[in-house]
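# A look at the structure
For reference, the chains in residue letters:
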Amino acid sequence: MPTISLCMIVKNEEEVLARCLESIADLMDEIIIVDTGSSDSTKEIAARYTHKIYDYKWINDFSSARNYSFSKASKEYIYAADADEILDKENRERFMRLKNVLLPEIEIVRMKYVTESDYDPMLNSKKEYRPKLFKRLRTFTWMDPVHETVRLTPVIFDSDIEILHKPKNQHSKRDFSIFIKSFCSDGTFSPKIRRMYAKELLKTGDSRDFADAKPIFLSIYRDEIDEEARKEAACILAHVYRMNDNKNEFFKLTIKDMLTTPCSEICCELGHYFAKEQDYLEAALWYYNAAFETESILDIHTGGDLPLKGLTECYRQLVEAEKEKMPNDTTLIEHYQALYEEYRQAARAWKLPVELV
C-alpha cells in the first residue's frame, strides 16, 4: 500500500480546520501544515493532529507556499487539501479503496470537486475533476521501440472520490488583490489566471473591483492578438462600460465583438442595457440570444438562468404595458403572457450542470 503525505497551507482557518482533519487524518501517513500567518487558533488546532507545522512568510503567491509544503513531504504520494474541504463516510471508503489498489505507474489522481454552496466563484458545474493526489518522485520512462523518447506526459487516473467543498466565506477580495499584484509585477497573465480573474469578477465583483480591473483588461484587449484573450477582456469591459453608462464605448465594443463568434456574456450585457432603457422587446431579443443562440465562455449562468430571468421580466413588463395601452385588445396581451409563463418556468427549471469533466 502506498504511503501518503497530506500537505496543507493555512491561514486563520480555526472555523474549519478541525472538520477537515477529522475527515482525512487517519487516511494519511504524514500530515504537514504550513501556516502563512495565522492570528487565530489555527496552529493550536493543527497541533492536535501533527507536530509537523511550519511557518512560511506570505508573499501573495499560493504556488510558492504550496511548493514549500510539498518540499516537506517524505511519503510516496502527496495529497493537497484545503481547510474547507471534507471527505464524508462514503468518500473516505473510496479513498481507502484507492489507496489499496493504487498502481505505482499512476502519477496524478484527479478527484471530483463538489461545491454545494455559492461560495466558489469559478465553477461552472456542481462537480469538476481536479488533480488532488500527486506522486512525490517521478520516474522517467523511455518509450517507443524506435526513435525512442522519454514519456513526459504524466499518467493520470480519474477516481470516483468526491471532495466536498464547504467554505464559510468568500475569498474573492483576497484573490482580486493577488491578481492585480501579479499583473503589475509581470505585465501579463497566463491564460489560466486571466480566465480565473475574469470569472471571479463576473460572479462576485462589485463596482470597485471592476474599476480596479478595467485598466488590466483594457491592456489585454488592446495588446493581445489571441482572440480568446480579447473576448474574455471584452466581457469584462462591456460590463464596466454599461455600469458606467459609457454608451459610446459600450456599443463600439459590443458591435466589434459581434463580428467574431458571439458569446452569451455579451448578449446578456446588451439585454441588461436595453432592459434598463425600458426597451423590453429589444432586451428580450438579446436575452433570447444569450439563452438559446450563443454559448458562455466565462460564466455559465449568462447562458442559462440569467437571460431566462431577464426574458421573464421583459414579458411581464410588456404584459403590463399592453394592459394600460390597449386593455380591450387581448391578442397581444395573451401572446406576451404566454411567453412570460414559458420563460418563467424555464428559469425555475434551469439548474447548474451536475458535472463538468
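Definitions and limits used
- Every chain is numbered on its own, with residues counted from 1 as its sequence reads.
- At least 70 in pLDDT is required for a residue's local features to be given in this predicted model, at least 80 for side-chain atom pairs to be given and counted, and no such filter applies to totals for whole chains, interfaces and linings, which use all residues.
- Excluded from the side-chain calculation are hydrogens and water; included are all heavy atoms of the structure.
- Accessible area is worked out with a 1.4 Å probe on protein chains only. A residue is then buried under 20% of its type maximum, exposed over 50%, and partly exposed in between.
- Each helix corresponds to a stretch of at least 4 residues labelled H or I by DSSP, and each strand to a stretch of at least 2 residues labelled E; elements are numbered beginning at the N terminus.
- Pairing between two strands requires that DSSP report at least two bridges joining them.
- With strands facing away from the observer, any crossover in which the path from the first strand over the helix to the second runs clockwise is taken as right-handed.
- What a helix should span is 1.5 Å times the count of its residues minus one.
- Contacts were defined at the residue level, with two residues in contact if any of their heavy atoms lie within 4.5 Å.
- Axes here refer to lines fitted to C-alpha atoms; in helices the fit is confined to the stretch in contact. Angles between the N-to-C directions go from 0 to 180 degrees.
- The scheme is simple: roughly parallel for angles under 35 degrees, roughly antiparallel for over 145, roughly perpendicular for 65 to 115, oblique for anything else.
- Two helices crossing with the near one rotated counterclockwise from the far one by less than a right angle form a left-handed crossing, whereas a clockwise rotation gives a right-handed crossing.
- Cavities and pockets were defined on a 1 Å grid built from protein atoms only: a cavity is a group of points that admits a 1.4 Å probe but offers it no way out, a pocket is an open group of points flanked by protein on both sides within 12 Å along at least five of seven lines, and a lining residue is one with an atom within 4 Å of any such point.
- Grid points are joined across faces, edges and corners, and a volume is the space filled by probe spheres set on the points.
- The residue classification treats Ala, Val, Leu, Ile, Met, Phe, Trp, Tyr, Cys and Pro as nonpolar and Asp, Glu, Lys and Arg as charged. All others, Gly included, are polar.
- Polar contacts, as used here, are pairs of N or O atoms within 3.5 Å; protein pairs need one atom able to donate a hydrogen and one able to accept it. Residues neighboring in sequence count only if both atoms are side-chain atoms.
- Counted as salt bridges are all cases of a side-chain nitrogen of Lys or Arg within 4 Å of a carboxyl oxygen of Asp or Glu.

## Observations regarding the pairing of strand E1 (residues 4–10)
A regular strand places its side chains so that they alternate between the two faces of the sheet. Of all seven residues that make up E1, seven are buried, and the element is covered over most of its length. Residues Ile-4, Leu-6, Met-8 and Val-10 line one face of E1 and the alternating positions Ser-5, Cys-7 and Ile-9 line the opposite face, and both faces are buried. Summarising the sheet, E1 and strand E4 (residues 77–80) pair through four bridges and their orientation is parallel. Directly across from Leu-6, in E4, lies its bridge partner Tyr-79. Of the pairings in the sheet, the one linking E1 to strand E2 (residues 30–35) comprises six bridges and is parallel in character. Bridged to Val-10 within E2 is Asp-35. Chirality of the crossover, the property in question, places the unit of E1, helix H1 (residues 17–24) and E2 among those that are right-handed.

## Some points on helix H12 (residues 305–325)
For an α-helix, the turn length of 3.6 residues means that residues three or four places apart are oriented alike. In a regular helix each residue adds 1.5 Å, so 21 residues correspond to 30 Å; H12 covers 30 Å between its end C-alpha atoms and thus fits that length. Those residues of H12 that sit buried are Asp-305, Pro-307, Leu-308, Gly-310, Leu-311, Thr-312, Cys-314, Tyr-315, Leu-318, Val-319 and Glu-322. For H12, the elements touching its buried residues are helix H10 (264–276), helix H11 (280–293) and helix H13 (330–349).

## Comments concerning the packing of H11 against H12
The interhelical angle for the contact between H11 and H12, taken along N-to-C directions, is 155°, at an axis separation of 8 Å. Taken together, the axes of H11 and H12 are roughly antiparallel relative to one another. Regarding H11 and H12, the two cross each other, and that crossing is left-handed. Residues Tyr-280, Leu-281, Ala-283, Ala-284, Tyr-287, Tyr-288, Ala-290, Ala-291 and Phe-292 of H11 touch H12, and the partners they reach there are Pro-307, Leu-308, Gly-310, Leu-311, Cys-314, Tyr-315, Gln-317 and Leu-318.

## Brief notes about empty space enclosed by the protein
Counted by the stated rule, this structure contains one cavity of 30 Å³ or more. Here the largest cavity defines a volume of roughly 50 Å³. Around the largest cavity, the lining residues are Tyr-241, Arg-242, Asp-245, Asn-246, Lys-247, Phe-250, Tyr-273, Lys-276 and Glu-277. Looking at the lining of the largest cavity, the elements that each hand over two or more residues are helix H8 (227–243), helix H9 (247–258) and H10. Tallied by class, residues from the lining of the largest cavity come to three nonpolar, one polar and five charged.

## Details of the side chain of Asn-289
Looking at the element boundaries, Asn-289 is found in helix H11. Polar contacts involving the side chain of Asn-289 include one to the main-chain carbonyl oxygen of Leu-285, which spans 3.0 Å. Those residues within four positions of Asn-289 in sequence are excluded, and the remaining contacts are Cys-267 and Thr-294.

## Notes on the pattern of salt bridges
For the structure on display, the rule yields 24 salt bridges. Between Glu-162 and Lys-127 there is a salt bridge, and its shortest N-O distance comes to 2.8 Å. Separated by 35 residues along the polypeptide, Glu-162 in strand E10 (residues 156–165) and Lys-127 in strand E7 (residues 127–135) bring together distant segments of the chain. In this pair, the class of Glu-162 matches that of Lys-127, namely buried. A salt bridge links Lys-231 to Asp-257; the nearest nitrogen and oxygen atoms lie 3.0 Å apart.

## Description of H10
For H10, with 13 residues, the first-to-last C-alpha span of 18 Å sits near the 18 Å given by 1.5 Å per residue. All of the buried residues along H10 are Ser-264, Glu-265, Ile-266, Cys-267, Cys-268, Glu-269, Leu-270, Gly-271, Tyr-273 and Phe-274. Here the buried face of H10 lies against helix H6 (191–204), H8, H9, H11 and H12. Note on H10: the residue one or two positions beyond its end, Gln-278, has a positive phi of about 65°.

## Points about unusual backbone geometry
Negative phi characterises most residues that are not glycine, and trans characterises most peptide bonds. Here the phi dihedral of Asn-12 falls at roughly 50°; this positive angle occurs in a residue that is not glycine. Looking at the element boundaries, Asn-12 is found in the loop between E1 and H1. Look at Asn-12 and you get partly exposed, because its relative accessible area is 35%. A positive phi angle is found at Asp-245, which is not glycine, with a value near 55°.

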